[in-house]
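# Structural overview
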Amino acid sequence: MTFLITAGPTREPIDPVRYISNRSSGKMGYAIAEAALDVGHDVVLVSGPVNLAPPTKTKFISVSTTDEMFEAVHRYADELDVCVLCAAVADYKPTKISPTKIKKRAAGTSLELIPTCDILQSLGRQQNRKFLLVGFAAETDHLEANATKKLREKNCDIIVANDACVAMETDENELLILFCDGETKRISRASKTFLARELVKIFANSQQKRLTKKL
Ligand code: C5P
């Protein structure tokens, strides 16, 4: 199967030297890419800026902004069997990017922000998509309720929910997996490498089931 995985944060520039971003390390996404490669899948890895070496044998696409990530994902969408959007995409970007460095002023200042384009939602809205669509949800509260809402609103097949405080920057994670048929599965705390192997099995099986149902 061909997997596309997004990983890491995105960066939204404010001026030539400043940006908005988040603490995502990319470790979960890169571990999923490695695990998929290990069992013989083809992998397209679309990554925001992280301090990790891309696995060899992936088609590696390095991006910075959400718009660049959106464009890269849509470029490959027709060729995919499984699309895993694991990146912690910036939710907002500055309305305007200043072409020159914004000067420090004695008084305070404020930044006007607009929402970034939602990659997961844009894929969920595609009619007759052939690939399994997986989103991630990093939450600090009401994990299951928020993830269930996301599963429905974004029209994806699976949401992998994790506690943002446990998941961010660490080598371990614990997961709650929600399926669109209402099934749920919990995987207790383990290394991201172990969890990634479990996830790849689950994603490949789910896509197989989807295809069988459609025949
Ligand atoms: O609604 P929220 O942004 O929290 O949803 C998280 C999921 O949506 C993640 O899978 C993330 O990769 C994806 N996402 C996206 N495009 C955005 C924001 C989030 O694909 N602009």
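Since this is a predicted model, take the numbers as computed values, not measurements.

### Description of the site of the ligand
Neighbouring the ligand are 13 residues; Leu-85, Ala-87, Cys-117, Phe-136 and Lys-150 lie closest to it. Here a nitrogen atom of the ligand sits 2.7 Å away from a polar atom, N or O, in the main chain of Cys-117. Given that more than half its atoms are within 2 Å of the pocket grid, the ligand belongs to the largest pocket. Mapped by element, the contributors of at least two residues to the shell around the ligand are α3 (119-124) and β9 (132-139). Partitioned by chemical class, the residues of the shell around the ligand number 7 nonpolar, 2 polar and 4 charged.

### Focus on unusual backbone geometry
Its identity is not glycine, yet Lys-57 carries a phi of approximately 80 degrees, on the positive side. In this fold, Lys-57 is placed in the loop between β4 (42-47) and β5 (59-62). Overall, the relative accessible area of 70% leaves Lys-57 in the exposed class.

### Things to note about the pattern of salt bridges
Under the defined criterion, the tally for this structure stands at 12 salt bridges. Two residues, Asp-67 and Lys-93, come together in a salt bridge whose shortest N-O distance is 3.1 Å. On the criterion of sequence distance, the pair formed by Asp-67 in helix α2 (residues 66-76) and Lys-93 in strand β7 (residues 92-94) is long-range, its members being 26 residues apart. A residue is classified by how much of its surface remains accessible, and Asp-67, at 40% relative accessible area, is partly exposed. When salt bridges that share partners are traced, they join Arg-129, Asp-157 and Arg-210 into one network.

### So, the environment of Thr-2
Note on placement: Thr-2 falls in strand β1 (residues 2-7). Residues Thr-2 and Pro-94, 92 residues apart in the sequence, show an inter-C-alpha distance of 34 Å. Sequence-distant contacts of Thr-2, that is, excluding residues within four places in its chain, are made with Asp-42, Glu-79, Leu-80, Asp-81 and Val-82.

### Details of the sheet that holds strand β6 (residues 82-85)
The sheet built from 8 strands is open, its strands ordered β5-β4-β1-β6-β9-β10-β11-β12 with mixed pairing. Two strands bound the open sheet, and with one partner strand each, they are β5 and β12 (184-191). The average angle at which neighbouring strand axes cross in this sheet is 15 degrees, direction not considered. In this structure, β4 lies alongside β5, joined through 4 bridges in parallel fashion. Considered in β5, the bridge of Val-46 is made with Ile-61. Relative to the sheet, helix α4 (residues 143-153) contacts β9, β10 (158-163), β11 (172-179) and β12, its axis offset from that of β10 by approximately 155 degrees. Sitting on the sheet, helix α6 (residues 192-214) touches β1, β6, β9, β10, β11 and β12, and the angle it makes with β12 is about 155 degrees.

Cut-offs applied
- Numbering of residues begins from 1 in every chain and follows the order in which that chain's sequence is written.
- Where local features are concerned, this predicted model is filtered to residues with pLDDT of at least 70; where side-chain atom pairs are given and counted, the filter is 80 or more; whole-chain, interface and lining totals use all residues.
- By convention in this description, side-chain values take in all heavy atoms of the structure and omit both hydrogens and water.
- Each residue is tested against the molecule or strand, and it is near if at least one of its non-hydrogen atoms lies within 4 Å.
- Definition of a polar contact: a pair of N or O atoms within 3.5 Å, with one able to donate and the other able to accept a hydrogen when the atoms are protein atoms, and with sequence-neighbouring residues admitted only if both atoms are side-chain atoms.
- Using a 1 Å grid laid over the protein atoms alone, points where a 1.4 Å probe fits but cannot get out form a cavity; open sets with protein on both sides within 12 Å along at least 5 of 7 lines form a pocket; any residue with an atom within 4 Å of a point counts as lining.
- Assignment of a molecule to a cavity or pocket requires that more than half of its atoms lie within 2 Å of the corresponding grid points.
- Labels follow the DSSP assignment, with helices taken as runs of H or I lasting at least four residues and strands as runs of E lasting at least two, numbered in each case from the N terminus.
- The residue classification treats Ala, Val, Leu, Ile, Met, Phe, Trp, Tyr, Cys and Pro as nonpolar and Asp, Glu, Lys and Arg as charged. All others, Gly included, are polar.
- Accessibility here uses a 1.4 Å probe with only protein chains present; expressed as a share of the type maximum, an area under 20% marks a residue as buried, one over 50% as exposed, and anything in between as partly exposed.
- Salt bridges are defined as contacts in which a side-chain nitrogen from Lys or Arg sits within 4 Å of a carboxyl oxygen from Asp or Glu.
- The contact rule is simple, with two residues in contact once any of their heavy atoms fall within 4.5 Å.
- Should DSSP find at least two bridges between two strands, the strands are regarded as paired.
- The axes used here are C-alpha line fits, helices contributing only the stretch in contact, and every angle between their N-to-C directions lies in the interval 0 to 180 degrees.

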